[in-house]
Amino acid sequence: MAVTVVVEPAGRVCWDEPVRIAVRGLAPEQPVALRASLRDEKGALFRAHARYCADARGQLDLQRAPALGGSFSGLEPMGLLWALQPDKPFWRLVKRDVQTPFALELEVLDGHEPAGPDGGRVLARAVHERHFMAAGVRRVPVREGRVRATLFLPPEPGPYPGIVDMFGVGGGLLEYRASLLAGKGFAVMALAYYNYDDLPKGMDAMHMEYFEEALNFLRSHPEVKGPGIGLLGHSKGGELGLAVTSFLKGVTAAVIINGSVAAVGGTIYYKDESVPSVSLLRDKSKITKDGILDVVEGLQSPLVEEKSFIPVERADTSFLFLVGQDDHNWKSEFYANEASKRLQAHGKEKPQIILYPEAGHYIEPPYFPLCRAGMHLLVGANILFGGEPRAHAVAQVDAWKQLQTFFHKHLGNTEGTIPAKL
């Protein structure tokens, strides 16, 4: 009997959905290695491998069989995805064109050693495609006034709860989180705010009027259910999300993933008000034993430079803070706690804070591999972002479920979420 790799479900699978990987046709208790590889859109190679033993019937099911070592060990059905690591150091896996899938190549190798250029003899291989748009999801480029964005709508005509989605430093327009969320019954607008098209090239001045225009566009869209909308922001996008909810009206629910409660790297403006950036404390940065820059102490506290504290007490928004406790980009846990204290001191609703031990800065949709260190464009060097691979993978699965539940609850959608599992 020929050895075959089976991936189920066999149809169109989105990146955030778990799959069952199995191997059939092996000898009883045969030792094998499984190797996964993926090339990103720039050609960078990501790889993971693990050693296994077939059962008495010559079958191997990753939902039942523990990995015996390699890139990970133990029962990790999705380990071959979340443990992917780039051949090129400091390289982060990012999806830029959501209309094409990533192709994951899976190989079954004889024996226990995939080391070396050839590894063991290849017994079987399969290609598993992982998509970023569920079947029927609609992608609508937005150039409305000054707004530069992409709106993703579920397959059937709406209205749906609306969400504005913002990423962090680096700018541009990343769509993969919005495109995946649209498959869960939301109208999600991935919003660019600098370094894209005709938007400003830098982030030294962030004008809330631009975000106001974006909110108004989404709120007035015929397929968006009002009156309030949601906001999802990670890192700099989380900081700007807090500013949006502080200065502007109409955001009912906001999810802040590892965001800052202080202005960082640029001044925030709205009408005649401004929030200046906290000072950089360059002498507080350290070099880790691996030779990577650690900047976690590199920003002055907004409790010292109070003018830099975003006035969150003005917000009439329900907040969910998702925090990686090993975030070394900045002090996300401290910022979430200080925002919570400020809100409660002004009689506002206590935000929900979920802490993820050993999770780093880049809390992404499920199964994205951990980017533990990489280029920080504001710093101009590779820095430590933190996180331990397995704990981070667990955090990403839970965070994805939590943010969907939160938005469904506060934006009044009745649809449930499709759970991801490790």
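All values derive from a computational prediction rather than experimental measurement.

This next bit is on the sheet that holds strand 3 (residues 31–39). What the five strands build is an open sheet, ordered 8-4-3-9-10; its pairing is antiparallel. Each of the sheet's edge strands pairs with one partner strand only, and the pair in question is strand 8 (85–86) and strand 10 (122–130). Where strand 4 (residues 45–53) meets strand 8, two bridges bridge the pair, whose relative direction is antiparallel. The residue bridging Phe46 from the neighbouring strand is Pro86, located in strand 8.

Mapping Met1 onto the fold places it in the segment before strand 1 (4–8). C-alpha of Met1 to C-alpha of Leu343: the two residues are 342 residues apart in sequence and 65 Å apart in space. In this structure Met1 touches Arg24 and Gly25, once residues within four positions along its chain are discounted.

Across its 22 residues, helix 6 (residues 389–410) extends 31 Å between first and last C-alpha, which sits within 8% of the 32 Å expected from 1.5 Å per residue. What helix 6 keeps buried is the set His392, Ala393, Ala395, Gln396, Val397, Ala399, Trp400, Leu403, Gln404, Phe406, Phe407 and His408. Phi for Gly412, located one or two positions after helix 6, is positive at around 70 degrees.

It is worth spelling out the environment of Tyr194 at this point. In this fold, Tyr194 is placed in the loop between strand 14 (187–191) and strand 15 (205–207). The spacing of Tyr194 and Gly386 is 192 residues in sequence and 26 Å in space, taken between C-alpha atoms. Apart from residues no more than four positions distant in its own chain, Tyr194 is found in contact with Gly168, Val169, Gly170, Gly171, Gly172, Leu199, Pro200, Lys201, Gly202, Met203 and Met206. There is a polar contact of 2.7 Å between the side chain of Tyr194 and the backbone nitrogen of Gly170.

Here we come to the packing of aromatic side chains. This structure, assessed with the given rule, holds 18 aromatic pairs. Centre to centre, the rings of Phe334 and Tyr335 are 5.8 Å apart; their planes meet at 55 degrees, and the pair counts as tilted. For Phe334, a relative accessible area of 26% corresponds to the partly exposed category. Ring centres 4.8 Å apart and planes at 75 degrees place the aromatic pair Tyr362 and Phe385 in the edge-to-face group. Of this pair, Tyr362 sits in the loop between strand 23 (352–356) and strand 24 (373–376) while Phe385 sits in the loop between strand 25 (381–384) and helix 6, and the two are 23 residues apart along the sequence. Here Tyr362 and Phe385 have matching classes, each one buried. Taken together, Trp15, Phe102, Phe132, Phe167, Tyr176 and Phe368 form an aromatic cluster joined through their ring pairs.

Turning next to the pattern of salt bridges. According to the stated counting rule, one finds 29 salt bridges in the structure shown. The partner of Arg148 in a salt bridge is Asp198, with the nearest N and O atoms 2.9 Å apart. Placement of Arg148 in strand 12 (residues 147–153) and of Asp198 in the loop between strand 14 and strand 15 is noted, with a sequence separation of 50 residues between them. The closest approach of N and O atoms between Lys236 and Glu239, which form a salt bridge, is 2.8 Å. You can see Lys236 and its partner Glu239 sitting in helix 4 (residues 236–247), three residues apart, about one turn around the helix. Since its relative accessible area comes to 2%, Lys236 is described here as buried. On the accessibility criterion, Glu239 (0% relative accessible area) is buried. Each of the salt bridges in this network shares a partner with another, and the network as a whole consists of Glu8, Arg20, Asp61 and Arg64.

Overall, mixed pairing links the three strands, which are arranged 15-18-19 in an open sheet. Each end of this open sheet is capped by a strand with a single partner; those strands are strand 15 and strand 19 (273–275). Between one strand axis and the next, the sheet turns by 25 degrees as a mean value, whatever way the strands run.

Of the strand pairs in this sheet, strand 11 (residues 138–144) and strand 12 are connected by seven bridges, and their pairing is antiparallel. Paired with Arg143 across the two strands is Arg148, which belongs to strand 12. Counting the residues between successive antiparallel strands, the hairpin from strand 11 to strand 12 contains two residues, one of them, Gly145, with a positive phi of roughly 60 degrees.

To continue, consider the environment of Leu38. Looking at the element boundaries, Leu38 is found in strand 3. Linking Leu38 and Leu104, residues 66 residues apart in sequence, is a C-alpha distance of 4.9 Å. Residues in contact with Leu38, not counting those within four places in the same chain, are Trp15, Ala44, Leu45, Phe46, Leu84, Leu93, Phe102, Ala103 and Leu104.

Reading the values: the criteria
- Residues numbered from 1 in each chain as written.
- Predicted model: local features only at pLDDT ≥ 70, side-chain atom pairs only at ≥ 80, totals over all residues.
- Heavy atoms only, no water.
- Pairing = 2+ DSSP bridges.
- Helix = DSSP H or I, 4+ residues; strand = E, 2+ residues; numbered from the N terminus.
- Contact = heavy atoms within 4.5 Å.
- Expected span 1.5 Å × (residues − 1).
- Buried < 20%, exposed > 50% of the residue type's maximum accessible area, 1.4 Å probe, protein only.
- Polar contact = N/O pair within 3.5 Å; in protein donor to acceptor, adjacent residues only side chain to side chain.
- Phe/Tyr/Trp six-rings, centres within 6.5 Å; stacked < 30°, edge-to-face > 60°.
- Salt bridge = Lys/Arg side-chain N within 4 Å of Asp/Glu carboxyl O.
- Axes fitted to C-alpha atoms, helices over the stretch in contact; angles between N-to-C directions.

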